[in-house]
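A look at the structure
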Amino acid sequence: MKPTSIREMLYEPPGPAARKRISILTWLAMAALVVLTALVIRQFAVTGQLDARYWSFFARATTWRFLGEGLLTTLEAAVTGAGIAFALGFLMMRGKLRKNRPLRFISAALIEFTRGVPTLLFIYFFFLVVPQTGWKLSAFWKITLPCAISACGVVAEALRSGVNAVPRGQTEAALSLGLTDTRLFYKVVFPQAIRFVIPSLIAELVIVLKDTTFAYIVTCADLMQNAKVLISNYDAMLSVYLVVAVLYILINYLLNRLSDRLAAGSGRTGAGRSAV
Amino acid sequence: MTQTDSPIIELRHVDKHYGPLHVLRDISLRVHQGEVVVIVGPSGSGKSTLCRTINRLETIDSGEILIDGVALPEEGKKLAAVRSQVGMVFQSFNLFAHMSILDNMTLAPVDVLKRDKKEARAEAMRLLERVGVADQAHKVPAQLSGGQQQRAAIARALAMRPKAMLFDEPTSALDPEMIEEVLQVISELATDGMTMLIVTHEMGFARNVADRIIFMDEGRIVEESDPEAFFLHPQSERARSFLSAVQRH
């Protein structure tokens, strides 16, 4: 089956008049964008933001090595945080789907708590409260753990929605073949559930990655923190922020492409789409 | 262990309610070794529910269900073990969507019966050959036609070497041209002496394949007789009106 875009599903295909209108509006929007960009650049030029001293240090390898190290830390924190969030989220999802009432209640409460509290509060908790208990954490963990905890509830709910989306018949077939609850969950239900929710999981990874920019609070040398060092060294706020923003956009764009590719791949294997 | 005269499937005074709805009323029924029992009846008569209680996909309120003389356990590994001895074929096939047909076939034999993987694959291929979909073994279910999927699902149940097979409206989700190929496979099983309980709307098939017909209405067994007697001389008014409605054309 040909993949259908959201647009094709929601709107009928445009006729000749609509096509004409769309093309005029497209050109107008493009023109407006060009004019706006020109205005912004002109304003930069007028205020001296395009002066060589704000940009010349980007020609040095040390600048890029410094940013690269920060980027690496950012990626490490995001991947580690996402890994922990996945593990915790998985446990909470399993808990919430159990028949055991207390376990279900505790899992539901944890999910609501971690979803409801802003990441920044978790960071302050690990930054200000945890050290008072005598638990010494490195700056890396002071940013990674709160990001993970903040994400795990969302991951749990995403996984749960995936599990619920697997047709009941799949479970019944596995039961009738004599598989026990645990075996059928790992062999039949979860492999299909995970395919359904890959896009939500990657979206959450992007959020974890963006949350790691709070690392400057705990002075963990991530991309954002190193950017701040550059800014104070060269007194160049705008240029550094622009470059760093482009780097973040690039990573998240790549993640989203990966998500699309994985989602398309799992669609091809027809998870949950068998004809009924 | 098995007594020669003890039925493979036995229900004793089974009752079930869905809220205020009394879906199974005092159902007693026996299916003996090698027997083919076909259940017919109007929609909502409880025939599918009855079929599903036999491997406890539906629970019952009271009564007893015995598989090969053993009371159906209520949960856990014991229940799983009994289920593994009774094959089930569903209306909507329910092949595992993320696995190849071959992996569908070997999952339970290897995982539940602890058979050798190589042997299980060899037997799976033999069974797929028998139902005529061996050439589809490495595809995923969505790539097969409905008829092929259902034949593969039957082969998957057979791979467990079940004592009996349950068919819950196996052709109701199929296009007309695919119904015949599936019924053919089931008829061959009957000829080979498989013990079967079949719920179906295909009256011609029921008449040909059944050793005994059970007619249900409103959760009750209204009539139980051999196929010729049932189709030619139904005893109850309800069966007469049902047959005249489904056989009009």
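Residues numbered from 1 in each chain as written. Chains lettered and ligands numbered in written order. Predicted model: local features only at pLDDT ≥ 70, side-chain atom pairs only at ≥ 80, totals over all residues. Heavy atoms only, no water.

Brief notes about the layout of surface pockets
Roughly 990 Å³ of volume is contained in the largest pocket. What lines the largest pocket is a set of 29 residues, and nearest its centre among them are A:Lys99, A:Thr171, A:Leu175, A:Asp181 and A:Leu184. Of all the elements in the fold, those that place two or more residues in the lining of the largest pocket are helix H7 (139-165), helix H8 (168-176) and helix H9 (181-211) of chain A together with helix H2 (76-83) of chain B. (1 Å grid on protein atoms, 1.4 Å probe; cavity = no way out; pocket = protein on both sides within 12 Å on 5 of 7 lines; lining within 4 Å. Points joined across faces, edges and corners; volume = space filled by probe spheres on them. Helix = DSSP H or I, 4+ residues; strand = E, 2+ residues; numbered from the N terminus.)

Some words on the environment of B:Met178
Residues and elements named next belong to chain B. When you line up the elements, Met-178 lands in helix H6 (residues 176-191). On the basis of relative accessibility, which here comes to 17%, the residue Met-178 falls in the buried class. For Met-178 and Ile-67, which are 111 residues apart along the polypeptide, the C-alpha to C-alpha distance reads 32 Å. For Met-178, the contacting residues outside a window of four places in its chain are Ser-145, Gly-146 and Gly-147. (Buried < 20%, exposed > 50% of the residue type's maximum accessible area, 1.4 Å probe, protein only. Contact = heavy atoms within 4.5 Å.)

Here's the deal with the pairing of strand E4 (residues 62-67) of chain B
Residue and element names in this part refer to chain B. Of the pairings in the sheet, the one linking strand E1 (residues 9-18) to E4 comprises 5 bridges and is antiparallel in character. Each bridged residue has a counterpart across the sheet, and for Arg-12 the counterpart in E4 is Glu-64. Sheet topology note: the E4/strand E5 (residues 70-71) ladder contains 2 bridges and is antiparallel. By the bridge assignment, Leu-66 is partnered in E5 with Ala-71. Between E4 and the antiparallel strand that follows it, E5, lie 2 residues; Asp-68 among them carries a positive phi value of about 50°. (Pairing = 2+ DSSP bridges.)

Observations regarding the pairing of strand E8 (residues 196-199) of chain B
Residues and elements named next belong to chain B. Where burial is concerned, the two faces of E8 agree: the one with Met-196 and Ile-198 and the one with Leu-197 and Val-199 are both buried. By the bridge criterion, 4 bridges tie strand E3 (residues 36-40) to E8 in an arrangement that is parallel. Looking across to E8, one finds that Ile-39 is bridged to Val-199. Two strands pair when backbone bridges link them, and strand E7 (residues 164-168) and E8 are joined in this way by 4 bridges, in the parallel orientation. Residue pairing across strands places Asp-168 opposite Val-199, the latter belonging to E8.

Focus: the interface of chain B and chain A
With 28 residues of chain B at the interface, the matching set in chain A holds 24 residues. Contact with chain A buries area across many residues of chain B, yet B:Phe96, B:Ala97 and B:His98 alone supply 26% of it, more than any other trio. Across the chain B-chain A interface, the total number found is 3 salt bridges. Two residues, B:Asp111 and A:Arg183, come together in a salt bridge whose shortest N-O distance is 2.6 Å. Summed over the shared surface of chain B and chain A, the result is 7 residue pairs in polar contact (both at pLDDT 80 or more). Across the side of chain B that touches chain A, the residue classes tally to 17 nonpolar, 6 polar and 5 charged. (Buried area = accessible area lost by both parts, 1.4 Å probe. Salt bridge = Lys/Arg side-chain N within 4 Å of Asp/Glu carboxyl O. Polar contact = N/O pair within 3.5 Å; in protein donor to acceptor, adjacent residues only side chain to side chain. Nonpolar A, V, L, I, M, F, W, Y, C, P; charged D, E, K, R; others polar.)

What to know about the packing of aromatic side chains
Within this structure, the stated rule accounts for 15 aromatic pairs over all chains. Summarising the aromatic geometry, the rings of A:Trp55 and A:Phe58 are spaced 6.1 Å apart at their centres and angled 45° between planes, so their arrangement reads as tilted. Aromatic side chains B:Phe215 and B:Phe242 sit 5.3 Å apart centroid to centroid with 45° between the ring planes, which places their arrangement in the tilted category. Of the two residues, B:Phe215 sits in strand E9 (residues 212-217) while B:Phe242 sits in helix H9 (residues 237-246), which places them 27 residues apart along the sequence. (Phe/Tyr/Trp six-rings, centres within 6.5 Å; stacked < 30°, edge-to-face > 60°.)

Some points on the nonpolar core
Grouped together as the largest cluster of nonpolar side chains are 91 residues, with contacts concentrated most on A:Val240, B:Ile9 and B:Leu11. Examining the composition of this core, we find that 13 residues originate from one element, H9(A), more than from any other. Those residues within four positions of B:Ile9 in sequence are excluded, and the remaining contacts are B:Leu29, B:Arg30, B:Val31, B:Ile54, B:Leu66, B:Ile67, B:Ala164 and B:Leu166. The next biggest cluster of nonpolar side chains, apart from the first, holds 50 residues, and it includes B:Leu127, B:Ala137, B:Ala157 and B:Leu189. (Core = buried A, V, L, I, M, F, W, Y, C linked by side-chain atoms within 4.5 Å.)

A look at the pattern of salt bridges
Scanning all chains against the criterion turns up 23 salt bridges over all chains. Salt-bridge contacts for A:Arg160 lead to A:Glu157; the nearest nitrogen and oxygen are separated by 3.0 Å. Taken together, the residues A:Arg160 and A:Glu157, both in helix H7 and 3 residues apart, mark about one turn of the helix. Among the residues examined, A:Glu157 registers a relative accessible area of 15% and is labelled buried. Put simply, B:Asp217 and B:Arg238 hold a salt bridge, and the shortest N to O gap is 2.8 Å. With B:Asp217 in strand E9 and B:Arg238 in helix H9, this residue pair connects regions lying 21 residues apart in the sequence. Overall, the relative accessible area of 32% leaves B:Arg238 in the partly exposed class.

Some points on the environment of B:Glu75
Residue position: B:Glu75 is located in the loop between E5 and H2. Distance from B:Glu75 to B:Arg56, taken between C-alpha atoms, is 9.1 Å for residues 19 residues apart in sequence.

Observations concerning empty space enclosed by the protein
Residues and elements named next belong to chain B. Counting across every chain of the model gives 1 cavity of 30 Å³ or more. In this structure, the largest cavity is lined by Arg-130, Val-131, Leu-158, Val-185, Glu-188, Leu-189 and Asp-192. Of all the secondary structure elements, the ones that give two or more residues to the lining of the largest cavity are helix H4 (117-131) and H6. Here the element with the most residues in the lining of the largest cavity is H6; it accounts for 3 residues.

Some remarks on the packing of helix H4 (residues 61-96) of chain A against helix H10 (residues 223-234) of chain A
Residue and element names in this part refer to chain A. Look at H4 against H10: their axes get within 7 Å of each other, and the N-to-C directions meet at 155°. Taken as axis vectors, H4 and H10 run roughly antiparallel relative to one another. In this structure, H4 contributes Thr-63, Phe-66, Leu-67, Glu-69, Gly-70, Leu-71 and Thr-74 to the contact, and H10 contributes Leu-223, Asn-226, Ala-227, Val-229, Leu-230 and Tyr-234. Counted by class, the contact of H4 with H10 contains 8 nonpolar, 4 polar and 1 charged residues. (Axes fitted to C-alpha atoms, helices over the stretch in contact; angles between N-to-C directions. Parallel < 35°, antiparallel > 145°, perpendicular 65-115°, else oblique.)

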